[in-house]
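Single-letter residue listing:
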Amino acid sequence: MVLLLDPRSSWTSAGVSLSMFLFCWLLIFLADSSVADVIDLEWEVEYMHWSPDCIESVVMGINGRFPGPTINATAGDTINIKLTNGLHTEGVVIHWHGITQVGTPWADGTASISQCAINAGETFVYRFKVDKAGTFFYHGHFGMQRSAGLYGSLIVNEVAPKAEPVPKAILSYDGEFTLLLSDWWHQNVHTQEVDLSGVPLRFIGEPQAILMNGRGQFSCSAAAHFNKVKQCNYTATPQCQPQPLHVDPDKTYRIRIASTTALSSLNFKIQDHELKVVEADGNYVEPFSVDDLDVYSGESYSVLLRTKKTSGNYWISIGVRGRKSTTPPALTILNYSPVPWEKHPSSAPPVHPDWNDYSRSKSFSNKIKAPLDAEQKGYKSPPEKQGRRIVLLNTQHTVKDQIKWMINDISLALPSTPYLGAIKYSLNEAFSQDTLHENYSNPDYDITLPRNANAKISDAVYKLEYNETIDVILQNANMLNKNHSEIHPWHLHGHDFWVLGYGEGKFNGTDLETEFNTKNPPLRNTVVVYPYGWTALRFVADNPGVWAFHCHIEPHLHMGMGVVFAEAVDKIKEMDINNKAFMCGFTGDMFRESFGKKG
């Protein structure tokens, strides 16, 4: 800080010392008011009785709450969470979805990849920086604990929106809401895990309810007089009472929407209202208006809602897309002041698009572009060319009569020793050192036929060179049952990537010039691949660590639908490593010996 004084001022008199001290203290205080904070939290993960959909179940909560506490931070802040596992009989980790963990790869919260599972009764400290504004969330990443309810919202605000290159569309709004979307089963996750691994496979089936901020309804409805279902008794079960969004007429509101669903692709709609999309996965986009939007598992958005000039109540509805589901839409109320929120709209809830209207879904995906001004905060232009292309073929096959999801004939299994520690300390026997396929093993493969290959289960990884530009082609194909291909939302840890484009049928390597968008592709951390189609993305391997890349549908990941990228682990500074993340698995003595030599 430089302080300039006028020599004619009384500040140069004998009393300058006290005045100078007070003035400097004031300036330092004002300066410090914009300095990043450290947010200290203490959490305990535990099972507890809860009624998310008006039926009592056992859920996984944090500090007695479901969903877990919302974290509100500002870009540049450091999050410091002392997490204690109170589950008694199983491990736990938490992944901070969308946070790239630059410099802190061991805090990514992926069991067997970035850290050991935190054992029952043990405590682990997650400390990481949230370096950019956006709508994020967190969730369990061990077994299928996300399906059990281990999740919550993580909101990172702009430091000073009017002083930063934030799109004009979101410089000013009158209020803000956060909606975390999820799905819910009455069957517990341990039964689901056994069923998915069994012979024959027993699929988990459709969820009993869709939840908004942990609240939904089963066998009763907020719109009972329209659909001939009994009215919910919220007095008896207040934990499932929907949370209305209270608004005033003729105002603008920002609604942050994120999906941590285990299975369901969703469609978000507000009756008789238009939505303007301004953010996707923590990155600003060129604003565009829609009547409704698809939200796949792992995705997040900010939309702007302009309210009408007259008061009234309107339905907010969340319906299932991409599956022929029996799960009814989730409902709550957009409540205009001064109308009581309990006064339901006079018309029925809005109707969602057909579950298999993929043309409509693709049209929405293609509307998401980078801001017109490439200098907008958080946006970088992609490298013009890729240095390496990896084609990942999504199929099914059986291994020892188990139905598994396959990526290039490999179903992912995770080792007992976290990859990050094993690679850093050269424990090569901790996981397979096999080289993985980077393209179709059979170039003539027909994506409409069931996969018939020498499929296997493996924990081998893709090794990436530092600063290498990687193109990944997600190629969707047939499942084992004839004429069936599903939607898969893929999430990359440790990076945002540019979505270069979507295509129909089989990617043949010549689609580059005609289908790829390298001018204004959006930055995302999650992207969908449509049935019998392909999706192309590009990222730069500039974040040393070991990062999961996987389908965000929980049963699919459990059945092996993912890969692991090991990226310049040698460049991670040993002095920065949280060694407590790796004290398990391969041989504890070898780890202790390695850590001992390094002090």
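Residues numbered from 1 in each chain as written. Predicted model: local features only at pLDDT ≥ 70, side-chain atom pairs only at ≥ 80, totals over all residues. Heavy atoms only, no water.

S.K.: Account for empty space enclosed by the protein, naming residues and giving values.
M.R.: Scanning all chains against the criterion turns up 5 cavities of 30 Å³ or more. Here the largest cavity is characterised by a volume of approximately 80 Å³. Around the largest cavity, the lining residues are Leu179, Met212, Asn213, Arg215, Gly216, Gln217, Pro242, Gln243, Leu245, Ala330, Leu331 and Thr332. If one sorts the elements of the lining of the largest cavity by residue count, strand S19 (residues 330-336) sits on top with 3 residues. Looking at side-chain class alone, the lining of the largest cavity contains 6 nonpolar, 5 polar and 1 charged residues. (1 Å grid on protein atoms, 1.4 Å probe; cavity = no way out; pocket = protein on both sides within 12 Å on 5 of 7 lines; lining within 4 Å. Points joined across faces, edges and corners; volume = space filled by probe spheres on them. Helix = DSSP H or I, 4+ residues; strand = E, 2+ residues; numbered from the N terminus. Nonpolar A, V, L, I, M, F, W, Y, C, P; charged D, E, K, R; others polar.)

S.K.: Quick rundown of the pattern of salt bridges? Include the residues and the values.
M.R.: A complete count under the given rule lists 18 salt bridges for this structure. Put simply, Arg524 and Asp281 hold a salt bridge, and the shortest N to O gap is 2.9 Å. Of this pair, Arg524 sits in strand S28 (residues 523-524) while Asp281 sits in the loop between strand S14 (275-280) and strand S15 (283-290), and the two are 243 residues apart along the sequence. For the residue pair Arg524 and Asp281, the accessibility class agrees, reading buried in each case. When the shortest N-O distance is used, the salt bridge between Arg360 and Asp292 registers 2.8 Å. Taken as a pair, Arg360 in helix H4 (residues 358-367) and Asp292 in strand S16 (residues 292-295) lie far apart in primary sequence, 68 residues in all. Among the charged side chains, a network of salt bridges with common partners joins Glu158, Arg254 and Glu279. (Salt bridge = Lys/Arg side-chain N within 4 Å of Asp/Glu carboxyl O. Buried < 20%, exposed > 50% of the residue type's maximum accessible area, 1.4 Å probe, protein only.)

S.K.: Account for the pairing of strand S20 (residues 388-399), naming residues and giving values.
M.R.: Strand residues, when the strand is regular, have side chains that alternate between the two faces of the sheet. In terms of residue burial, S20 counts as a mostly covered element, since 10 of its 12 residues are buried. Where S20 and strand S25 (residues 469-476) come together, 7 bridges link them in parallel fashion. What sits directly across from Val391, in S25, is Ile473. Relative to strand S21 (residues 402-407), S20 is paired through 6 bridges, and the arrangement is antiparallel. Paired with Thr398 across the strands is Ile403, a residue of S21. The turn joining S20 and S21, which pair antiparallel and follow one another in sequence, is formed by 2 residues; a positive phi near 50° is taken by Lys400. (Pairing = 2+ DSSP bridges.)

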